Number of protein chains: 4
Amino acid sequence: MAGPASIARDQLRSIIERIEKLEEEKQAIAGDIKEVYGEAKANGFDAKTLRQIVRIRKLDSAERQEQEALLDVYMLALGMIADPEG
Amino acid sequence: MAGPASIARDQLRSIIERIEKLEEEKQAIAGDIKEVYGEAKANGFDAKTLRQIVRIRKLDSAERQEQEALLDVYMLALGMIADPEG
Amino acid sequence: MAGPASIARDQLRSIIERIEKLEEEKQAIAGDIKEVYGEAKANGFDAKTLRQIVRIRKLDSAERQEQEALLDVYMLALGMIADPEG
Amino acid sequence: MAGPASIARDQLRSIIERIEKLEEEKQAIAGDIKEVYGEAKANGFDAKTLRQIVRIRKLDSAERQEQEALLDVYMLALGMIADPEG
DNA sequence: TCGCCTGATAGTTGCC
DNA sequence: GGCAACTATCAGGCGA
């Protein structure tokens, strides 16, 4: 008989399968990244330095975003812009 | 003048960009996974338990692969299959 | 009789106790930090903004350090400084 | 001119500095803890197991506190102790 | 006050 | 086989 339990079971199965599929994709991309580093190394680039560059660019971008957010906070506090929360 | 330095620079740029693009994709998928857990939770499933299930299934699958690899070793030793290394 | 086992046991006890003591201290400091935010709030400062400032200053400092480390890497690569690894 | 703004500014500076100092101390202690684990490892102890012991002891202690709190509730209900809420 | 979400911490894997 | 990068889990802070 197909009662509520089987519905829940099907939902569960679906959830697990979706997650597992997404994790596989994620792993695949992680593999691609590793490959790029490998290629780079084969072309004479130092992986550690490359990672540092990537990391610092991420920091840059994070800081820029924070700076802008902080600016909004100040401007909001000073009544220079409208409250985005309306 | 377009000497070796500019070639290296272009290569470097290309490497960094490929990595950053892949990392973005990876992050996007991580976001998708989080969404699935969120949905699941909204449907009454417990995220922590779901994570355990996923983890266990991954272990199971790893074990199964080990098991199969071992079987191959035995079958190879017994001359039941051909040496894959040629 | 006081054999090797008891020595190991005493060592273990000592390790655990040192860790637990340090973790307590860490918790105490976390409590102090929370207090400072509480005080600040009582004086009309917004905790969220304060946290953002602290975070951005940390990012600044992290980036500066990374920048310097990266500079060293480049200079080393260009033979402009000696290898610190000797 | 030293008006209210400068007072707020000094307060702000003081708050930020106190927080940053406390966070540094917290980090220093985290480093000490890591060192203890390192030492322990050098003496043949397994860090992962040590962490488990610490975690279990923390749980135990939390349980014990719960137990004591519960005991107080019972004793209070039986008129064996005075109401701490006055 | 409760649920969510980001940041801290623990564990794992891959490199040297 | 040790160490460092990456991933996954967990807890504390924020908003509703």
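Scroll up for the structure.
On a predicted model such as this, the values are computed, not experimentally measured, just so you know. (Residues numbered from 1 in each chain as written. Chains lettered and ligands numbered in written order. Predicted model: local features only at pLDDT ≥ 70, side-chain atom pairs only at ≥ 80, totals over all residues. Heavy atoms only, no water.)

Undergrad: How should I be thinking about the protein's contact with DNA strand E in this particular structure?
TA: Lining the immediate environment of DNA strand E, one finds A:Lys34, A:Lys41, B:Lys34, B:Lys41, C:Lys26, C:Arg55, C:Lys58, D:Lys48, D:Arg51 and D:Arg55. Sugar plus phosphate: this is where 96% of the atoms of DNA strand E within 4 Å of the protein reside. B:Lys41 has a polar side-chain atom sitting 2.4 Å from a phosphate oxygen of DNA strand E. Side-chain polar atom of D:Arg55 to a phosphate oxygen of DNA strand E: 3.1 Å apart, as the coordinates give it. Secondary-structure elements contributing two or more residues to the surface near DNA strand E are helix H1 (4-42) of chain A, helix H1 (4-42) of chain B, helix H2 (47-77) of chain C together with helix H2 (47-77) of chain D. (Near = heavy atom within 4 Å. Polar contact = N/O pair within 3.5 Å; in protein donor to acceptor, adjacent residues only side chain to side chain. Helix = DSSP H or I, 4+ residues; strand = E, 2+ residues; numbered from the N terminus.)

Undergrad: Before we go on, may I ask you to explain a nonpolar patch on the surface in this structure?
TA: A surface patch of nonpolar side chains, about 670 Å² in accessible area, is lined by B:Leu70, B:Val73, B:Tyr74, B:Leu76, B:Leu78, B:Met80 and B:Ile81. You can see B:Val73 is positioned in helix H2 (residues 47-77). (Patch = residues over 30% accessible without salt bridge, like charges linked within 9 Å, V, L, I, M, F, W, Y side chains within 5 Å. Areas by Shrake-Rupley, 256 points an atom, 1.4 Å probe, with all protein chains shown as cover. Salt bridge = Lys/Arg side-chain N within 4 Å of Asp/Glu carboxyl O.)

Undergrad: What exactly am I supposed to notice about the interface of chain C and chain A here?
TA: By convention, interface size is frequently given as the accessible area that disappears when the constituent parts associate. Counting residues at the interface gives 15 residues for chain C, matched by 15 residues for chain A. Taking both partners together, chain C and chain A bury about 1500 Å²; carbon and sulfur atoms supply 60% of that area. Connecting chain C to chain A are 2 salt bridges. The closest approach of N and O atoms between C:Glu66 and A:Arg55, which form a salt bridge, is 2.7 Å. Joining chain C to chain A, the criterion identifies 2 residue pairs in polar contact (both at pLDDT 80 or more). Tallied by class, the residues present in the side of chain C that touches chain A amount to 8 nonpolar, 3 polar and 4 charged. (Contact = heavy atoms within 4.5 Å. Buried area = accessible area lost by both parts, 1.4 Å probe. Nonpolar A, V, L, I, M, F, W, Y, C, P; charged D, E, K, R; others polar.)

Undergrad: Where do I start with H1(B) in this structure?
TA: In an α-helix, one turn spans 3.6 residues, which is why side chains three or four residues apart end up on the same side. Taking 1.5 Å per residue, 39 residues should reach 57 Å; H1(B) reaches 57 Å between its end C-alpha atoms and fits that length. Within H1(B), burial applies to B:Ser6, B:Ile15, B:Ile16, B:Ile19, B:Leu22, B:Ile29, B:Ile33, B:Val36, B:Tyr37 and B:Ala40. Residues of H1(B) that are buried make contact with H1 and helix H2 (47-77) of chain A together with H2 of chain B. (Expected span 1.5 Å × (residues − 1). Buried < 20%, exposed > 50% of the residue type's maximum accessible area, 1.4 Å probe, protein only.)

Undergrad: I tried to follow the relation of the copies chain B and chain A on my own but got confused; where do I start?
TA: Comparison of the two chain copies shows a relationship of rotation about an axis with a shift along it. Expressed as a screw transformation, the operator carrying chain B onto chain A has a rotation angle of 178° and an axial translation of 0.3 Å, and the superposed copies differ by an RMSD of 0.9 Å. What the rotation and shift describe, once combined, is the action of a two-fold rotation axis. When C-alpha positions in chain B are compared against the rotation axis, the closest is assigned to B:Lys26, at 2.8 Å. When the interface residues of chain B are mapped onto chain A, 100% of them are again interface residues, pointing to one common binding face. (Least-squares fit on C-alpha atoms with pLDDT ≥ 70 in both.)

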